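Single-letter residue listing:
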Amino acid sequence: MPAKEELLVEAYESFVEIDEKKVFNVIEKWIDSGYEIKDLLEKFAEALTEIGRRFEEKEYFLAQLVNSTLIFDKAYKLIAENMAEKAIEMKGKGTIVMATVRNDTHDLGKNIAASMLRIAGFNVIDIGKDKAASEIIDAAVDNEADIIAVSSMTSTTMRNLEELIGLLEEKEIRQNIKVIVSGALVTQEYADSIGADACARTATEAVEIAETFVS
Amino acid sequence: MVDIHSYLEKAMQGEKRDEHKHDMEVFRQSQKLATSHGITYDEDEFIPSETEFADSVFEAALDLLLKVGVYCSDTGRVIKLDEDEILSSIKVPKTLEIGRFNEVVSVPNRYTMDSEPPVIIGGPMGGTVSEEYFLEIHLSSAYEPLIQGVYGGAMETMGGNYIQGKSPYGLLATLKEARLERFSTKIASREGLALMGPCTPTSSPSYMLVSSDEMYSRNDPQEVYQLSEIKTDFETFNKSIFHLAHGNKFFSSQSAVLGGNSIGSAEGLAIVDVAETIQSKMITGANFHVSGSVHASTNSSSAKEVIWASNMASIAISRNMQHYTARHYFNRAGCCTDMMFYETAAQAIGDTVSGRDILIGPVGGRGALIDQSSGLESRFMGEIAHMATHLTMEDANAVVSKIYSKYKDRLLDSPKGKPFNECYTLKSEYSMIPNEDYLNLYKKIFSEIEGYC
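Throughout what follows, the structure given in this document is the object of discussion.

Reading guide: rules and limits
Residues numbered from 1 in each chain as written. Chains lettered and ligands numbered in written order. Predicted model: local features only at pLDDT ≥ 70, side-chain atom pairs only at ≥ 80, totals over all residues. Heavy atoms only, no water. Helix = DSSP H or I, 4+ residues; strand = E, 2+ residues; numbered from the N terminus. Buried < 20%, exposed > 50% of the residue type's maximum accessible area, 1.4 Å probe, protein only. Lys, Arg positive; Asp, Glu negative; His and termini not counted. Salt bridge = Lys/Arg side-chain N within 4 Å of Asp/Glu carboxyl O. Polar contact = N/O pair within 3.5 Å; in protein donor to acceptor, adjacent residues only side chain to side chain. Contact = heavy atoms within 4.5 Å. Buried area = accessible area lost by both parts, 1.4 Å probe. Pairing = 2+ DSSP bridges.

Before going further, it helps to examine the side chain of Asp 104 of chain A. Residue and element names in this part refer to chain A. Residue placement: Asp 104 occurs in the loop between β1 (95–100) and α5 (108–119). Notably, Asp 104 is buried but unbridged: the nearest opposite-charge side chain belongs to Lys 129, and the N-O separation is 9.0 Å. A distance of 2.4 Å separates a polar side-chain atom of Asp 104 from the backbone nitrogen of Met 153. If near-sequence neighbours (up to four positions away) are discounted, Asp 104 is found in contact with Lys 129, Asp 130, Ser 151, Ser 152, Met 153, Thr 154 and Thr 157.

Here we come to the interface of chain A and chain B. Each partner contributes to the interface: chain A provides 17 residues, whereas chain B provides 24 residues. Both sides of the chain A and chain B interface together cover about 1500 Å² of buried area, and 58% of this is carbon and sulfur. The largest per-residue losses of area from chain A upon contact with chain B belong to Phe 61, Ala 63 and Thr 156 of chain A, which jointly make up 31% of the total buried on that side. Counting the contacts that link chain A with chain B gives 2 salt bridges. Between Glu 19 of chain B and Lys 129 of chain A there is a salt bridge; the shortest N-O distance is 2.9 Å.

A separate point is the pairing of strand β18 (residues 324–330) of chain B. Residue and element names in this part refer to chain B. Across the 7 residues that make up β18, a large majority, 7, are buried. Residues of β18 alternate between two faces, with Tyr 324, Ala 326, His 328 and Phe 330 on one and Thr 325, Arg 327 and Tyr 329 on the opposite face, all of them buried. Sheet topology places strand β16 (residues 288–291) next to β18; 4 bridges connect them, and they run parallel. Paired with His 289 across the strands is Thr 325, a residue of β18. Looking at chain direction, β18 and strand β19 (residues 358–363) are connected through 4 bridges and run parallel.

Here we take up the sheet that holds strand β2 (residues 77–79) of chain B. To summarise the sheet geometry, strands pair through backbone hydrogen bonds and adopt either a parallel or an antiparallel arrangement. All names here are of chain B. On the basis of which strands lie adjacent, the open sheet formed by 3 strands has the order β2-β1-β13 and mixed pairing. Every interior strand has two partners, whereas the edge strands, β2 and β13 (231–232), have only one. Examined bridge by bridge, strand β1 (residues 70–72) and β2 share 3 bridges and lie antiparallel to one another. In the strand pairing of β2, Cys 72 is matched with Arg 77.

This is the structure:
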């Protein structure tokens, strides 16, 4: 049986290097060895934090960040299945539905924020770009989301942010869901004027705001 | 037309794929191919001196296209390409003339260290332009003798109101854009000077509306912008079918983002840039391809990794493929700053030595700030390109390295510069000259770079 510490180092390094094959190799060995699954998850979380740091320091780009969260999602699923067999419950921080508004296809900022929020432990449902207010709200209701995070990069699509909040009010569910807005021209003043709960200028800010909403 | 039909069929019937999965597939495959082809980014070079490396980039780009295909965002399906059709497509010979009357320009078939200069296209190049100075900004480029075409700007407002995307106002604004651009060539006594664009439209009807002899004629290259990172959509098909059916000159353009959804390294960017050029030639049938690669951190095309990757792609294409290529200059700094001139020079020298056929721009403030274009900035780009035709790769590398050192520390905090109306003295449409300070700055930087050469 491989030594626990040795496996944890391997888990950390393979994850930080974003080597999918090695990550799953370690998971397999870990499960076979019968070590506490919580310790492996903690190591992966540590590795994800390092990846987030490298991204912030511009050592990694978005593609590496997204790839690492995809690997984490797959690893998490595999581990969760294993833990379910042992009747252990795993709990995330909260659910966030993310999208860019109708007619806006600029999704780079949203994708960065989605990855950073996943790294922070949120269950992120990213429904993509160019989404109607009703689609975003339906996804939030279906997934019992705590937060909706939406962005609009252009002046011509900014009014769709307002429409989203109006529709939440119309459906009488506004008080159940926090709304974070973002975009090149979106300011705190604008967010206040349309009744959003917060304006996030960066992915890091989005994580900080989301943390306060679920604490 | 036959080819486009077959690609459309593939877009309708190909394998279903999630867009996110396509992005990741492009990233993973391009990283793997860079490793397996031995392609490595050299931090000490701006223009790859080992030209054989460029052949490896071309091979990797072919492999990438074969492995991932082209994603159609409207059908959520993948257009699979086979090797034979790619190889036969890239060998189809090219010839291209743009402009009309006395302004006809034959685009040269350039190669590395070519003594013939690239074609110089000025204008705001899709950057945001105010209604107030729309005519004057285009006119300032049309007045420049070195400039062989004008690439339009995106009109900020229509009648003082913001233009709602895909609304009928978009059609009216596009008409206004095209008429003013054509008018600028007439005022400058350069009837027939090639226009490139239009840039205000957000839907195909607007593009098609201005495609006529009075505005964008068959010899004015018309824009077919494609989604980046090896994707396409129905809008691309719509416009391409229209231009092919009417015999219009048109170009495809894409802006791959280093640090974006699918590109995580300079090597990956070079491979994707070449793959997109091949994709564009095959799927749109365009006369040439414009690359507008930028860096996610700065949103500019003047970052070192982007310059290296673009030069690598240009060498790879000029050595292995029959297709014209052009490049957008999205500068980080604004007009009337030393940094804007340095950014333009670093790119123009690299492109000229790397065999690029057409240079376009530059636009300042990454095109997001208003009125960041002027004829003087484009004149400078043309003059530097002409000067660079005398440089060897080695010399060009040394010169670009010196120029880059002048702005590399300012890429994240760049001078905003001045909008056009503060750079020029505008008395009438027949009398517009750069301000004295602006002219002096231009002369100073030009002399400095001349000294490096």
